[in-house]
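# Structure at a glance
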2 protein chains.
Amino acid sequence: MHIEIQRNADMSITNQIYHSVLDQIRSDFLEEGSPLPSVRKLSKQLGVSLVTVVKAYQKLEQDGFITSVQGKGTFIKKTKKEVVEGKKGSSSYDWQLSVEDYLPRSQFARFHQVPEKIHLSSSMIDPGLLPNRYLEQEIHRMLSKNPRVLSKYGEIQGDKALRQAMVEYLQKMNLSTDPENILVTNGSQQGIDLIARTFVGPGDVVVMEAPTYPGAIDVFRGRGATILTVPVDSEGMRVDLLHHLCDKYKPKIIYTVPTFHNPTGAVMPTKRRREILEIAESTQSLVIEDDPCSEIYFDRKPPAAMKSLDKEGHVIYLKGLSKILAPGCRIGILAASGSIFKRLLAAKANTDLGSPLLTQKAIIPFITSKRMMDHLKKLRIALKIRRDLVLDILSQHAPEEVSWFLPKGGLNIWLTLPSWMDTNHFLVETKKEQITFLPGAACYPADQENHHLRLSFSYMNEQPLTQGVTTICHLLQSAVYLKNKQGSSPHF
Amino acid sequence: MHIEIQRNADMSITNQIYHSVLDQIRSDFLEEGSPLPSVRKLSKQLGVSLVTVVKAYQKLEQDGFITSVQGKGTFIKKTKKEVVEGKKGSSSYDWQLSVEDYLPRSQFARFHQVPEKIHLSSSMIDPGLLPNRYLEQEIHRMLSKNPRVLSKYGEIQGDKALRQAMVEYLQKMNLSTDPENILVTNGSQQGIDLIARTFVGPGDVVVMEAPTYPGAIDVFRGRGATILTVPVDSEGMRVDLLHHLCDKYKPKIIYTVPTFHNPTGAVMPTKRRREILEIAESTQSLVIEDDPCSEIYFDRKPPAAMKSLDKEGHVIYLKGLSKILAPGCRIGILAASGSIFKRLLAAKANTDLGSPLLTQKAIIPFITSKRMMDHLKKLRIALKIRRDLVLDILSQHAPEEVSWFLPKGGLNIWLTLPSWMDTNHFLVETKKEQITFLPGAACYPADQENHHLRLSFSYMNEQPLTQGVTTICHLLQSAVYLKNKQGSSPHF
């Protein structure tokens, strides 16, 4: 079991053990019924006192995550109320459990799986809103003319024509860059990963918003980073608090989603963007500006990217396309400069020798055509309708104890429930109705808050969206009713 | 500058510094004219004595890699005979040089770039030998029927139909597995990388063949592994020496290319495969069986994969398709079992959330058709002709001081030159004739041998292949002639 202890962290070691185990349960690394190491063994492994481990295990047991069986050991609790019968019958793979790994968590994956029925958990786009037929025809034309696209490795940096096309595309968003400073990635997730593997090592300080994009947490945790968090208000990352933090710690990386922040939808004004950049300049830090969907605005165009203000190469800008076009191609780009860029390029080579040429060539004709801008216009309209639909249902049916951010763009709405609710448990209830959402805890790198949830309104069309959100509201109402009536919280 | 010192390594610290700097020069991280840290600074950074650093710098200077300029410092030597004028004019990105990274090397990338004229340096397949037209038609048919392939994320594990198709494909190679144990990757390079990021950390012991595939070295070095090497004979990794090594060290990973070993072309017999597996069982290690091209045999079918002998989940099998079909799709798979598989799947999620659906769906119709086997048959014939051509030219024109392995399959021939030759320098000469090859040093994780080179005969067709290999032979003849005449080696 991979448990990382940071002795100089703000969090107590007991709490670190507690959260590590929880992270692994939520990442599905520890299955129901799996044994935990004995208190003695873990205390020895981590070099901490027996009492510290005992306290962590007690807290995990109190909170219902693990069970101690007298004389048998400690196990991950089964939710299906089966009695823990000790270790399962041994298999020939049992030896593998002793192979140590370097994966502290992988929570996002669990919520990103292909949907069942009413999928409000991951911010994917409804395939019906994407120009698949046009793209398919363009691909046919491109491949008939040049079938050798199938038989060539592309450049490690990415296809030059695509890099050029992306420069022109970004120019329309008031971001000037150069094909030489663009690296094509397999979506932004790979961009985050490349940066982390290149620049983040054990104990390096990474500052993230709280809440933030869970996929990024998984990556930084995997590099052994010391993650510090800054809360978010309606204008994104609280720069005043970032200042305080940076007086005390020197961050290596500041990760932010300034436009339509994930999960809250907040938009950071230019002033704040500039302030963060100044902080990065004074602390010689790198800023990762993750931009999944600044194209999807509902009122007015958001401010230009922080990267457009960057003169000294502090910002690494990530533009994923999967939220607006052809997620089946998984194309993203990264823009950076100087030796930072060069090193990221080397990391890309080590990782996979470059993205597939087919997927890169596939999207060029479309994104360089006038159709791209028309498509984005339509997409904004369609998603605004869905957002408004969800807002309507929430205003009408959500209990008054529930509040939410008003997202001015993007794909998500962030709900805050009464503090006694735990959305990890609430998810079990909604799943019975075949409805999924993203429990808020997944969005916190540390000190998880359990009473939030993220609804993505981009994947389902009006009918199931209405049904899903309405049902969630009704389930919330029942919970609140029960709580008020009984004076005690229901089991979620 | 990233320099990693392993205090318990067999190599002296002076040598470790020497090789670290060399690795970075060869990875292009340190450009010509770049300053090195002062002796004082580096000795402080690494916590080693001044003398140790001085010795390393002296050796680097003697070997012609760096230059000391009185009163200015130490610089990477310029090959273009320009006088080092001290630091170049400062740019606004200079601050970036102080950002520490975790990339000790990325050498393979330099030799994997898209070719200029006569490209014998990377084992890519001539696009003319691949069924691009058929594939293109199949893709058109598939996308017309189901354009939504473009608008969907696939499963993180990989498309189920592709995993099923790969199971059937592997079955034809006498390897039985299951779609649940298959993970689709962006080529084998990503497979190696996923394993390394999941299971290899600082100081973990990785055993590799020497020479071996440079892309794998780059990855393991990047994880801070302690790499131990085992020489290769005509039957692949020397198991007797592996035994000795494993008596002393407990490897976490044994990386091998048992079939048409890269770069030598050696084939490991079944007996030896079994022995390595037994070693892995007794040391509780993982074996990475990298299989880029066992389909490309010239005489007889090679033995079944080591994975087919594996009962307890020790072997992680990597099958890249880019050497035989559609490198523009960059599809590979990884087969593993038990918790090892599960953890690799989580790593894949963190890395990129899954490979693009388009490239996966693109190849399914072809690989499941009868055409695939016909294609492989033709490919074997075409490549055998090229191999024989190269062997003929070598027998006729290579100096008698040059020897080579006879490859019974694969894409490469491994040449051993007289020990006074350095193929890194020889490459400068052949590049003047627009001919590239892979210098042997890139294939050694440590204790680099400089007098080997790898010729890939798979990319160029007969005419340029003949020209390239003939020219290399003539250049080698001149070098040997000069050496014999002058009694001193020419500058390469």
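What you are looking at is a predicted structure, and each value in this text was computed from that prediction instead of being measured.

## Notes on the overall build of chain A
Helix and strand content of chain A: 15 helices and 15 strands. Pairs at least 24 residues apart make up 73% of the contacts formed inside chain A by residues separated by at least 6 positions. Surface summary for chain A: the accessible area is close to 18500 Å², and the carbon and sulfur share equals 50%. The distance from the centre of the 61 positive side-chain charges to the centre of the 52 negative ones in chain A is 3 Å.

## Overview of the interface of chain B and chain A
At the interface, 93 residues of chain B touch 93 residues of chain A. Of the roughly 8000 Å² buried where chain B meets chain A, counting both sides, 58% is carbon and sulfur surface. Together, Trp95, Tyr102 and Tyr153 of chain B form the three largest contributors to the area buried by chain B at its contact with chain A, with a combined 10%. Our count for the contact surface shared by chain B and chain A stands at four salt bridges. Between Asp101 of chain A and Arg343 of chain B there is a salt bridge, with its nearest N and O atoms 3.0 Å apart. Taken together, chain B and chain A are joined by 57 residue pairs in polar contact (both at pLDDT 80 or more). Of all the secondary-structure elements, those providing two or more residues to the side of chain B that touches chain A are α4 (108–111), α5 (132–145), α7 (187–199), α8 (214–222), α11 (338–352) and α12 (357–367) of chain B. Here the side of chain B that touches chain A gets eleven residues from one element, more than from any other, and that element is α11 of chain B. Taken together, the residues of the side of chain B that touches chain A sort by class into 39 nonpolar, 31 polar and 23 charged.

## Some details on the packing of aromatic side chains
In total, this model carries ten aromatic pairs over all chains according to the counting rule given. Ring geometry for Phe298 of chain A and Phe457 of chain A: centres 6.3 Å apart, planes at 50°, overall tilted. Here the residue Phe298 of chain A occupies a position in the loop between β9 (286–291) and β10 (315–320), and Phe457 of chain A occupies one in the loop between β15 (452–456) and α15 (462–486), the gap between them amounting to 159 residues. Residue classification places Phe298 of chain A among the buried positions, given a relative accessible area of 7%. Above the ring of Tyr134 of chain A, the side-chain terminus of Arg371 of chain A is found at 3.6 Å from the ring centroid. One Lys or Arg, Lys59 of chain B, reaches over the ring of Tyr18 of chain B and ends 4.0 Å from the middle of that ring.

## Looking at the relation of the copies chain B and chain A
Mapping chain B onto chain A leaves a residual RMSD of 0.0 Å; the transformation is a rotation of 180° accompanied by 0.0 Å of translation along its axis. Accordingly, the operation relating the two chain copies is best matched by a two-fold axis. Taking C-alpha positions as reference, the residue of chain B nearest the rotation axis is His140 of chain B, located at 2.9 Å. A share of 100% of interface residues in chain B that are also interface residues in chain A marks the association as one of identical surfaces.

## Some remarks on the pattern of salt bridges
Residue and element names in this part refer to chain B. The tally for this structure, following the rule as stated, stands at 50 salt bridges over all chains. A salt bridge links Arg238 to Asp240, with the shortest nitrogen-to-oxygen separation between them at 2.8 Å. By relative accessible area, which is 27% here, Arg238 ends up partly exposed. Accessibility expressed as a relative area gives 38% for Asp240, which makes it partly exposed. For Glu275, the salt bridge is made with Lys271, and the minimal N-O distance between the two is 3.1 Å.

## Concerning the sheet that holds strand β3 (residues 118–120) of chain B
All names here are of chain B. Read from one edge to the other, the open sheet built from five strands follows the order β3-β14-β15-β13-β12, with strand pairing classed as mixed. Strands with a single pairing partner mark the edges of an open sheet, and in this sheet they are β3 and β12 (403–404). Contacts from helix α15 (residues 462–486) reach β3, β14 (435–439) and β15 (452–456), with the element oriented near 75° to β3.

Here is what the cut-offs are and how they apply
Residues numbered from 1 in each chain as written. Chains lettered and ligands numbered in written order. Predicted model: local features only at pLDDT ≥ 70, side-chain atom pairs only at ≥ 80, totals over all residues. Heavy atoms only, no water. Helix = DSSP H or I, 4+ residues; strand = E, 2+ residues; numbered from the N terminus. Contact = heavy atoms within 4.5 Å. Areas by Shrake-Rupley, 256 points an atom, 1.4 Å probe, with all protein chains shown as cover. Lys, Arg positive; Asp, Glu negative; His and termini not counted. Charge placed at Lys NZ, Arg CZ, Asp CG, Glu CD. Buried area = accessible area lost by both parts, 1.4 Å probe. Salt bridge = Lys/Arg side-chain N within 4 Å of Asp/Glu carboxyl O. Polar contact = N/O pair within 3.5 Å; in protein donor to acceptor, adjacent residues only side chain to side chain. Nonpolar A, V, L, I, M, F, W, Y, C, P; charged D, E, K, R; others polar. Phe/Tyr/Trp six-rings, centres within 6.5 Å; stacked < 30°, edge-to-face > 60°. Buried < 20%, exposed > 50% of the residue type's maximum accessible area, 1.4 Å probe, protein only. Lys NZ or Arg CZ within 6 Å of the ring centre and 35° of its normal. Least-squares fit on C-alpha atoms with pLDDT ≥ 70 in both. Pairing = 2+ DSSP bridges. Axes fitted to C-alpha atoms, helices over the stretch in contact; angles between N-to-C directions.

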